[in-house]
Amino acid sequence: MSKVLNSEEFKKEVLDSKEPVLVDFYADWCGPCKMLAPVMDEISKDHKVFKVNTDDEEELSMEYGIMSIPCVIAFKDGKEINRSVGLVDKDTILDMIK
């Protein structure tokens, strides 16, 4: 399962990470987010994957310009390297961190 981060944990877990990280920006009420969740959980077995609840972390969501969810952002060395908006398949997400 992917860990849900708050803004304090985000810096340590994502921005300071030495390996690529995927962050799933989601909301509990979002249907496509619920459909993406099992895919992200599967990916988390082999990669660092975290979740950010856009309702709970509005400032973080605004900082990264989240306009639609689900939004998955790939980070490497603390910088955004890729972004996917909407429901996508596992291969599309994995391609983001290659």
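So, a few notes on the structure that sits alongside this text.

Cut-offs and rules
- Residues numbered from 1 in each chain as written.
- Predicted model: local features only at pLDDT ≥ 70, side-chain atom pairs only at ≥ 80, totals over all residues.
- Heavy atoms only, no water.
- Pairing = 2+ DSSP bridges.
- Helix = DSSP H or I, 4+ residues; strand = E, 2+ residues; numbered from the N terminus.
- Contact = heavy atoms within 4.5 Å.
- Axes fitted to C-alpha atoms, helices over the stretch in contact; angles between N-to-C directions.
- Disulfide = S-S within 2.5 Å.
- Buried < 20%, exposed > 50% of the residue type's maximum accessible area, 1.4 Å probe, protein only.
- Core = buried A, V, L, I, M, F, W, Y, C linked by side-chain atoms within 4.5 Å.

## Some details on the sheet that holds strand β4 (residues 71-76)
Piece 1. In spatial order, the strands read β1-β3-β2-β4-β5; together these five strands make up an open sheet with mixed pairing. Edge positions in the open sheet fall to β1 (3-4) and β5 (79-85), since each of these has one partner strand only.
Piece 2. Bridge analysis of strand β2 (residues 21-26) against β4 gives five bridges, and the strand direction is antiparallel. Its bridge partner being in β4, V21 is matched across the sheet by F75.
Piece 3. Of the strands in this sheet, β1, β2, β3 (48-53) and β4 are in contact with helix α1 (residues 7-15), which crosses β2 at around 145°.
Piece 4. The strands touched by helix α2 (residues 31-43) are β2, β3 and β4; relative to β2, the strand with the most contacts, the crossing angle is about 160°.

## Concerning the state of the cysteines
Piece 1. On inspection of all chains with the given rule, the structure shows one disulfide.
Piece 2. Across a sulfur-sulfur distance of 2.4 Å, C30 and C33 are joined as a disulfide pair. Sign of the S-S torsion, about 80° for the bond between C30 and C33, identifies this disulfide as right-handed.
Piece 3. Overall, C33 belongs to the buried group, its relative accessible area being 2%.

## Topic: the nonpolar core
Piece 1. F10, V14, V23, F25 and Y64 are the most contacted members of the largest nonpolar core, which has 19 residues in total.
Piece 2. A total of four residues in this core trace back to one element, the largest contributor, which is β2.
Piece 3. Residues in contact with Y64, not counting those within four places in the same chain, are F10, L15, F25, I73, F75, E80 and R83.
Piece 4. Counting residues in each nonpolar core, the second largest holds 11 residues, with L22, M40, I43 and A74 among its members.

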